[in-house]
Amino acid sequence: MDHYDVIIIGTGAGGGTLAHCLAPSGKKILLLERGGYLPREPENWDSKEVFGRERYVTTERWYDKHGIAFRPHAQYYVGGNTKVYGAILFRLRERDFQGVDHYGGVSPAWPISYADLEPYYAEAERLYLVHGQTGEDPTEPARSGPFPYPAVSHEPRIQQLHDDLVNAGHHPFHLPLGIDLDESDPEASRCVRCNRFDGFPCPTDGKADAHVRCVRPAIKYPNVTLRTHVWVQRLETDASERSIRRVVAKRRGSEETYSADVVVVSCGAPNSAALLLRSVSDKHPSGLANSSDVIGRHYMAHLNSGVTAISRTPNETKFQKTLGLNDYYWGAEDSDLPLGHIQMLGKSDRHILRTGAPWFAPGLALDYLARHAIDFWLTTEDLPHPDNRVTVDRQGHIHLAKTYRNAEPHKRLLAKLKDLLGPMGCHQTSIPRWSVLSQQIPIAGIAHNCGTVRFGTDPRRSALDLDCKAHDLDNLYVVDTSFFPSSGAVNPALTAMANALRVGDHLLERLGAPSAPSRLADRRFDAPGAARDPRAGPFARGSH
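So, here's what we can say about the structure. (Residues numbered from 1 in each chain as written. Predicted model: local features only at pLDDT ≥ 70, side-chain atom pairs only at ≥ 80, totals over all residues. Heavy atoms only, no water.)

Tracing the backbone through its elements, the reader meets Arg510 in helix H11 (residues 493-510). Through-space distance from the C-alpha of Arg510 to that of Val262 is 9.7 Å; in sequence the pair is 248 residues apart. Within the local environment of Arg510, its side chain forms a polar contact with the backbone oxygen of Asp474, the two atoms lying 2.7 Å apart. (Helix = DSSP H or I, 4+ residues; strand = E, 2+ residues; numbered from the N terminus. Polar contact = N/O pair within 3.5 Å; in protein donor to acceptor, adjacent residues only side chain to side chain.)

A few words on the pattern of salt bridges. A side chain with one charge can pair with a side chain of the opposite charge if their charged atoms come near. Within the structure shown, the criterion is met by 29 salt bridges. Ionic pairing is found between Glu183 and Arg193, a salt bridge with its closest N-O pair at 3.0 Å. Taken together, the positions of Glu183 in the loop between strand S10 (177-178) and helix H5 (210-218) and Arg193 in the loop between S10 and H5 put the pair ten residues apart, joining distant regions of the chain. Take Glu183: its relative accessible area is 37%, and that puts it in the partly exposed class. Exposure remark for Arg193: the relative accessible area of 17% places this residue in the buried category. The structure contains a network of salt bridges with shared partners spanning Glu41, Glu49, Arg53 and Arg55. (Salt bridge = Lys/Arg side-chain N within 4 Å of Asp/Glu carboxyl O. Buried < 20%, exposed > 50% of the residue type's maximum accessible area, 1.4 Å probe, protein only.)

Within the largest apolar cluster, 113 residues are counted, with the highest numbers of intra-cluster contacts made by Ile9, Tyr128, Leu235 and Leu476. Among the elements that take part in this core, H11 stands out by supplying ten residues, more than any other. Discounting residues that sit within four places of it in the chain, Leu235 has contacts with Ile9, Ile244, Arg246, Val247, Val263, Val265, Leu275, Leu276, Ser279, Leu288 and Leu476. Leu323, Ala332, Leu339 and Leu378 belong to the second-largest nonpolar core, a separate cluster that totals 21 residues. (Core = buried A, V, L, I, M, F, W, Y, C linked by side-chain atoms within 4.5 Å. Contact = heavy atoms within 4.5 Å.)

Evaluated as defined, the whole model comprises four cavities of 30 Å³ or more. Considered as a void within the structure, the largest cavity measures approximately 140 Å³ in volume. Looking at the lining of the largest cavity residue by residue, the classes come out as seven nonpolar, three polar and six charged. (1 Å grid on protein atoms, 1.4 Å probe; cavity = no way out; pocket = protein on both sides within 12 Å on 5 of 7 lines; lining within 4 Å. Points joined across faces, edges and corners; volume = space filled by probe spheres on them. Nonpolar A, V, L, I, M, F, W, Y, C, P; charged D, E, K, R; others polar.)

Moving on to the environment of Ser279. Relative to the helices and strands, Ser279 is located in the loop between helix H6 (269-278) and strand S15 (300-301). Counting along the chain gives 46 residues from Ser279 to Gln233, while the straight-line C-alpha distance between them is 8.0 Å. For Ser279, the residues in contact, after removing those within four places along its chain, are Arg234, Leu235, His284, Gly287 and Leu288.

All we've got here are geometric facts, nothing functional implied.
What follows is the structure, encoded as structure tokens:
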């Protein structure tokens with residue numbers, strides 16, 4: 001059994017970013033990925049294959065609270081779900097780290113502040129090539145500096161939409177986009193500004209995903225090893241029951257075991273919880289690191305809707321995902337409570353619309369709709385509840401129980417968008433974007449999931465401490481969106497990436513390896529009136 005300094009299970013936004021952080025340390029690091037490399041092939045940009053036949057979605061089946069099987073929209077590849085994400089990389093708002101009242105209840109406060117995470121947000125934005133423009137978004141949190149790259153420009157129809165919104169008194173802004181694009185020098189760019197960015201793999205590597213930006217450079221170091229097609233089944237402790245002794249996995253039908261001084265679980269919120277729940281022992285009968293009984297609980301997945309508005313004039317846009325609107329993030333003139341966020345989706349075509357249209361819908365009608373479509377994605381915060389949870393059965397299958405309890409603001413947000421359609425030059429009637437919002441999406445659409453292994457200061461109410469180390473074990477960490485106590489209403493990927501860098505600094509210190517000098521610069525950030533990390537002391541800035 002090979003022994004390593006660190007084993008990282010999963011290569012997505014959390015695990016991939018952490019590997020990039022630790023790789024220069026010289027420590028012996030093993031990356032374990034359940035899948036292989038997503039193939040680079042013509043079908044990457046074929047909407048019929050990607051959406052209609054779900055070519056890159058797992059064939060695995062999970063079960064809902066009624067025991068009905070469904071196919072989760074998960075991608076098991078090097079880079080995880082970031083291989084097909086939309087690469088919209090928002091920071092949580094400063095107030096998201098505090099307790100917030102909602103129609104459906106209270107969103108709990110985080111045990112760290114925005115100021116603790118801000119330097120890592122800035123570092124993650126540089127790492128993932130985030131393009132944006134400061135000062136446009138009225139909810140934008142305080143920043144230690146501007147975006148590292150200029151905002152991606154709007155194409156003419158989206159610029160007109162922007163101008164119409166401004167004329168109606170709103171505050172649209174350029175979305176923060178992780179993309180390898182230099183509009184002043186297209187020859188130097190990997191992105192070609194196609195209409196196959198959002199929801200598609202990128203064969204040109206123009207999308208800033210965890211594989212391209214983090215895993216690929218990390219494995220160039222001789223001390224870093226990546227093993228693909230390794231599905232970790234359980235973690236086993238030593239005699240003390242306080243330390244992980246073995247990582248037990250299946251690889252192409254055979255069992256393999258590994259060991260490390262530190263084990264990091266980064267499988268995504270449902271799968272990280274499932275792995276810990278499968279890892280039972282005499283000392284941990286309800287699952288590993290689960291003395292609090294919170295593992296698997298408080299599952300969150302944003303209330304998301306895809307809406308296609310029908311423009312009165314054709315929409316010739318190719319790269320549509322450049323505009324956002326947060327005017328209703330904290331409320332509206334008729335609502336003192338938060339509603340959520342609106343952003344553009346990738347451009348529809350007939351095959352994307354076909355996935356949810358009636359079987360008898362004529363192709364010419366779908367072509368017309370696609371030519372006139374302007375596509376929006378609406379997000380409302382989901383609230384944690386202990387009964388929304390991941391469990392596993394005796395065969396190890398994942399069961400996901402989910403009931404949404406904050407639906408009222410999402411209905412209001414949809415109504416707000418409908419009211420905007422006229423001023424935006426669209427027909428008042430919109431249609432659901434079924435390719436992203438089907439009857440199963442509330443349970444099967446897991447792109448924004450989080451919260452199943454929450455962190456906190458009280459071991460009775462959280463599974464992880466502030467460094468995302470398990471309270472119950474000495475060498476187990478969880479570094480993905482599982483640690484979220486609340487979800488906010490913006491895309492969670494950048495927060496997972498920033499936190500991975502924060503935990504990475506802690507692990508470098510634990511392992512006796514120095515941080516790279518360039519990563520130590522400009523770590524101090526003090527937001528006005530910001531609460532500090534409750535541990536205070538020399539590590540209060542998250543510089544560990």
